[in-house]
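# Per-entry structural report
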Amino acid sequence: MMEKVIVITGGSRGIGAATAYLAAERGYAVGVNYRHNHGAANAVVEKIRQQGGRAVAIAADIAIEADIITLFETVDKQLGTVTALVNNAGILEAQMRVENLNAARLNRIFTTNITGAFLCAREAVKRMSTKHGGPGGAIVNVSSIAARLGAAGEYVDYAAAKGAIDTMTVGLAKEVAAEGIRVNAVRPGFIYTDIHADGGEPNRVDRVKKGLPMKRGGEAMEVAKAILWLLSDEASYTTGTFIEVAGGR
Ligand code: NAP
């Protein structure tokens, strides 16, 4: 049987790291992409190797097209043909109202969260599509419930970028459905990771948790489990759809 090869953007921390661990456990060779944090990426790779899995850490800024091309070429050489992509890397910036946003920030948010995900999907489809002689595969985009809630007063730009990811999920799924590729997304809610500190509020999940239906925040591994299900053969007739991992929010 051909080895399953997964690329996880932003696999060094948070939801991406949890997904890397679970994917390794499920038999994937794992490409752990990251931007700056070598230490965190290497720790994920080391832990996977210690447990008998295969993984490599690959630095690439998904806001840069040339970096994305190199990322996928590195995976070709070091792991083999990619059969699964998790478009997980995503950023947000300081909480503020739309009236205070500027073009430079919007471009950073949209370039990483939208353009980066599109270009990673492009590289994956080129390799997976049966139309090009590929083996097929599956893509999971990491969106957010912010796509439907809007993140008012916090980061409407980030929420809008996730809205674009949702639409890309639906459109790309239909485009490649007859070529052996499924495309789905998860929409996490309030998950304990470092991302909230980037918005200026490290304790955001604990602040809001009492207002959530389940009265608690989510763990990265709870999101990873939904991602791995969507990637698996268990989801063989599922494409162009969404799993919310948000405790009922
Ligand atoms: P996180 O803990 O902040 O981790 C972000 C990861 O993305 C890190 O591995 C980081 O690499 C990487 N990264 C950031 N910018 C990158 C770039 N330009 N190129 C390559 N890698 C980059 O984030 P998280 O909370 O796990 O979020 C993961 C995804 O879930 C994001 O798309 C986010 O929008 C989404 N999400 C999160 C929540 C939540 O509550 N946490 C809710 C809904 C959706 P370095 O380690 O090198 O910095």
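For the structure, see preceding data.
Described in the following lines is the structure provided in the data block. (Residues numbered from 1 in each chain as written. Predicted model: local features only at pLDDT ≥ 70, side-chain atom pairs only at ≥ 80, totals over all residues. Heavy atoms only, no water.)

Take the packing of helix α1 (residues 14-25) against helix α2 (residues 38-50) next. Relative orientation of the contacting elements α1 and α2 amounts to 20°, with a least axis distance of 10 Å. Regarding the angle of α1 to α2, the classification is roughly parallel. Where α1 crosses over α2, the handedness of that crossing is right-handed. Facing A17, A20, Y21 and A24 of α1, the residues of α2 in contact are A43, V44, K47 and I48. Residues of the contact of α1 with α2, tallied by class, amount to seven nonpolar, no polar and one charged. (Axes fitted to C-alpha atoms, helices over the stretch in contact; angles between N-to-C directions. Helix = DSSP H or I, 4+ residues; strand = E, 2+ residues; numbered from the N terminus. Parallel < 35°, antiparallel > 145°, perpendicular 65-115°, else oblique. Left-handed = near helix turned anticlockwise from the far one by under 90°. Contact = heavy atoms within 4.5 Å. Nonpolar A, V, L, I, M, F, W, Y, C, P; charged D, E, K, R; others polar.)

Regular strands place side chains that alternate from one sheet face to the opposite one. In the sheet, strand β2 (residues 28-34) pairs with strand β3 (residues 55-59) via five bridges, with the strands oriented parallel. When the bridges of β3 are listed, Y34 appears paired with A59. For the handedness criterion, the β-α-β arrangement of β2, α2 and β3 is classed as right-handed. (Pairing = 2+ DSSP bridges. Right-handed = clockwise from strand over helix to strand, strands pointing away.)

As a structural note, the neighbourhood of the ligand is formed by 32 residues, with S12, H36, N88, Y158 and T193 the closest of them. One nitrogen or oxygen atom from the main chain of A60 is found 3.5 Å from a nitrogen atom belonging to the ligand. Out of a free accessible area of 910 Å², the ligand has 98% covered by protein chains. Only α1, β2, α6 (156-176) and α7 (195-198) provide two or more residues apiece to the shell around the ligand. Split into classes, the residues belonging to the shell around the ligand amount to 12 nonpolar, 15 polar and five charged. (Near = heavy atom within 4 Å. Polar contact = N/O pair within 3.5 Å; in protein donor to acceptor, adjacent residues only side chain to side chain. Areas by Shrake-Rupley, 256 points an atom, 1.4 Å probe, with all protein chains shown as cover.)

Bringing the side chain of S12 into the picture now. In this fold, S12 is placed in the loop between β1 (4-8) and α1. On the accessibility criterion, S12 (11% relative accessible area) is buried. Not counting the four nearest positions on each side in its chain, S12 is found in contact with A17, V32, N33, Y34, N37, A40, A41 and V44. (Buried < 20%, exposed > 50% of the residue type's maximum accessible area, 1.4 Å probe, protein only.)

Bringing the packing of aromatic side chains into the picture now. Evaluated as defined, the whole model comprises one aromatic pair. Ring centres 5.5 Å apart and planes at 75° place the aromatic pair Y155 and Y158 in the edge-to-face group. The residues Y155 and Y158 share a single accessibility class, namely buried. Above the face of the Y21 ring, K47 is positioned so that its terminal group lies 4.4 Å from the ring centre. Over the face of the ring belonging to F242 we find R187, whose NZ or CZ atom lies 4.2 Å from the ring centre. (Phe/Tyr/Trp six-rings, centres within 6.5 Å; stacked < 30°, edge-to-face > 60°. Lys NZ or Arg CZ within 6 Å of the ring centre and 35° of its normal.)

Taken together, the seven strands give an open sheet; going across it, the order is β3-β2-β1-β4-β5-β6-β7, and neighbouring strands pair in parallel fashion. The sheet is open, and its two borders are formed by β3 and β7 (242-245), each paired with just one other strand. Strand-to-strand, the axes of this sheet are offset by a mean angle of 20°, without reference to chain direction. Judged from the four bridges that link them, strand β6 (residues 181-188) and β7 form a sheet pairing that is parallel.

By size, the foremost hydrophobic cluster in this structure holds 32 residues, and its most contacted members are I6, Y28, V30, V186, I227 and L231. Secondary-structure elements contributing two or more residues to this core are β1, α1, β2, α2, β4 (84-87), β5 (137-142) and α9 (220-231). Non-local contacts of V30, meaning those with residues more than four positions away in its chain, are made with I6, I8, A20, A23, A24, I48, R54, A55, V56 and L79. Ranked by size, the runner-up nonpolar core spans 29 residues in total, among them V5, C120, A121 and A173. (Core = buried A, V, L, I, M, F, W, Y, C linked by side-chain atoms within 4.5 Å.)

Here the focus is unusual backbone geometry. For A151, which is not a glycine, the phi torsion comes out positive at approximately 55°. Inspection of the secondary structure assignment puts A151 in the loop between α5 (146-149) and α6. Backbone geometry places K215, a non-glycine residue, at a positive phi of 60°. Mapped onto the elements of the fold, K215 is located in the loop between α8 (204-208) and α9.

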